[in-house]
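Geometric and topological summary
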Amino acid sequence: MKAVLYCRVSTEKETQETSLVRQEEELSNFAQMQGYEVEGIFTDQHSGYDIERDGLLDLLTFVKDQQIKAVFVQDETRIGRGNGRMAVLHLLQKTDTSVYTLQDKGILNLNEMDSMLLEILALVEEYQRKLHNAKIKRGMKRAVSNGYRPEKNLKTRGNPEGRERIDVPVEEIVRLRNAGLTYEEISSTLKGLGLEISKATVHRRYIEYIEAHGG
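What you see is a predicted model; the values in this text were computed from it and never measured.

The rules behind these values
- Residues numbered from 1 in each chain as written.
- Predicted model: local features only at pLDDT ≥ 70, side-chain atom pairs only at ≥ 80, totals over all residues.
- Heavy atoms only, no water.
- Helix = DSSP H or I, 4+ residues; strand = E, 2+ residues; numbered from the N terminus.
- Axes fitted to C-alpha atoms, helices over the stretch in contact; angles between N-to-C directions.
- Parallel < 35°, antiparallel > 145°, perpendicular 65-115°, else oblique.
- Contact = heavy atoms within 4.5 Å.
- Nonpolar A, V, L, I, M, F, W, Y, C, P; charged D, E, K, R; others polar.
- Pairing = 2+ DSSP bridges.
- Core = buried A, V, L, I, M, F, W, Y, C linked by side-chain atoms within 4.5 Å.
- Buried < 20%, exposed > 50% of the residue type's maximum accessible area, 1.4 Å probe, protein only.
- Left-handed = near helix turned anticlockwise from the far one by under 90°.

Considering the environment of Pro 169
One can find Pro 169 in the loop between helix 6 (150–153) and helix 7 (170–178). Considered as a pair, Pro 169 and Leu 195 are 26 residues apart in the sequence and their alpha carbons are 9.1 Å apart.

Structure representation (C-alpha cells):
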C-alpha cells in the first residue's frame with residue numbers, strides 16, 4: 001500500500017526546521033507500523049490558513065496521479081486550519097485517500113460537524129456536475145433543433161470521434177452562434193464534445209472572426 005507524508009510548520013525559523021525533521025521521522029515510523037510504503041514526503045513552512053502552499057499542492061497532484069491511498073500527518077491542523085482544512089479533506093476524499101494522524105494513532109477521527117460538512121460538499125459537487133451536464137444537453141438539443149449536426153461538423157477535423165481537440169473550431173463557434181446559442185451554451189456544448197474551450201475564448205474567437213470578415 002502506498003502512502004505519503006505531509007509535514008508542516010508555520011514559520012521559517014530554525015527551530016521550526018527541527019520540528020519538520022522530527023515530524024518526518026515520526027511519521028515514517030508510523031506509516032511503516034501501519035503497513036504502508038512511503039512514496040513521497042512533502043513539507044511546508046507556511047500558515048495553515050493559506051491553502052496556496054507548494055508542498056500541499058504538490059502532494060494533492062501526486063496523490064491523484066499516483067493513486068496514493070493514505071496521507072500521514074502529525075495531526076489534522078498540519079493539513080490546514082479553518083475552511084482550508086475542510087477543502088483539503090474534501091479533495092482527499094474524492095481520491096479515496098485516507099488521512100492518518102499520530103494524534104489519533106490511526107485514521108483521522110472527524111467530529112460529527114466535520115463529517116456532515118464533507119457529506120454536504122460531496123452532495124453539492126454532485127448536483128453541480130448534474131447541472132453542468134444538463135446545460136450541455138440543453139445546448140446540444142437547441143443546436144441540433146436549429147440544424148447543427150456535430151457528426152458532420154467535427155468528425156472530419158482530424159479526430160474521427162470529434163474529441164480531444166486542442167485547436168479552436170472557429171467555424172463551429174460561428175455556426176452555433178448563428179443558431180442562436182449564447183457564448184456560455186456554445187462553451188458547454190463544445191465541452192460535451194471533448195473540446196475544453198472557455199466562454200471567454202468562445203467570445204474572443206467569435207469577435208475575431210466577425211472583425212476579420214467585416215461583420
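Having seen the model, we can carry on.
Concerning the packing of helix 7 against helix 9 (residues 199–212)
Close contact between helix 7 and helix 9 brings their axes to 10 Å; oriented N to C, the two are set at 90°. The orientation of helix 7 relative to helix 9 falls into the category roughly perpendicular. Where helix 7 approaches helix 9, its residues Val 170, Ile 173, Val 174, Arg 177 and Asn 178 are matched on the opposing element by Val 202, Arg 205, Tyr 206 and Tyr 209. Grouping the constituent residues of the contact of helix 7 with helix 9 by class yields six nonpolar, one polar and two charged.

Structural notes on the sheet that holds strand 2 (residues 37–45)
Spatially, the five strands line up as an open sheet ordered 2-1-3-4-5, and their pairing is mixed. Two strands in the sheet have a free side with no partner beyond their single neighbour: strand 2 and strand 5 (106–107). Relative to strand 2, strand 1 (residues 2–9) is paired through eight bridges, and the arrangement is parallel. Across the sheet, residue Tyr 6 finds its bridge partner in strand 2, namely Phe 42. Sheet strands in contact with helix 2 (residues 54–66) are strand 1, strand 2 and strand 3 (70–73), and its direction is about 155° off that of strand 2.

What to know about the nonpolar core
In this structure, Leu 59, Val 71 and Leu 92 are the most contacted members of the largest nonpolar core, which totals 18 residues. Listing elements by their share of this core, those giving two or more residues are strand 1, helix 2, strand 3 and helix 4 (83–94). Once residues within four sequence positions are removed from consideration, Val 71 is found in contact with Val 4, Tyr 6, Leu 59, Val 63, Leu 92, Thr 97, Ser 98, Val 99 and Tyr 100. With 14 residues, the next largest nonpolar core counts Val 168, Leu 190, Ile 197 and Tyr 206 among its residues.

Quick notes on the environment of Arg 8
Structurally, Arg 8 is set in strand 1. Considering only alpha carbons, one finds Arg 8 and Gly 80, 72 residues apart in sequence, at a separation of 9.1 Å. In this view, Arg 8 contacts Leu 20, Gln 23, Asp 44, His 46, Ser 47, Gly 48, Arg 53, Thr 77, Arg 78 and Arg 81; residues no more than four positions away in its chain are not counted.

Here's the deal with the side chain of His 90
You can see His 90 is positioned in helix 4. The buried category is assigned to His 90, whose relative accessible area is 9%. Ignoring anything within four residues of it in the chain, the contact list for His 90 reads Leu 118, Leu 121, Ala 122 and Glu 125.

Let's talk about the environment of Asp 114
Within the secondary structure layout, Asp 114 lies in helix 5 (residues 112–145). Separated by 25 residues in the primary sequence, Asp 114 and Leu 89 have C-alpha atoms spaced 9.7 Å apart. Ignoring anything within four residues of it in the chain, the contact list for Asp 114 reads Glu 76, Arg 85 and Met 86.

Overview of unusual backbone geometry
In this structure, Gln 67 takes a positive phi of about 55° despite not being glycine. As for its position among the elements, Gln 67 is in the loop between helix 2 and strand 3. On the basis of relative accessible area, Gln 67 is assigned to the exposed category, the value being 61%. Here the phi dihedral of Lys 105 falls at roughly 55°; this positive angle occurs in a residue that is not glycine. With respect to the helices, strands and loops of the structure, Lys 105 is situated in the loop between strand 4 (98–101) and strand 5.

Brief notes about the packing of helix 2 against helix 4
Contact geometry for helix 2 and helix 4: axes closest at 10 Å, N-to-C directions at 15°. In this view, helix 2 runs roughly parallel relative to helix 4, as classed from their interaxial angle. Viewed along their axes, helix 2 and helix 4 form a crossing whose handedness is left-handed. Each of Leu 56, Leu 59, Leu 60 and Val 63 in helix 2 lies in contact with helix 4, whose residues at this interface are Val 88, Leu 91 and Leu 92. Taken together, the residues of the contact of helix 2 with helix 4 sort by class into seven nonpolar, no polar and no charged.

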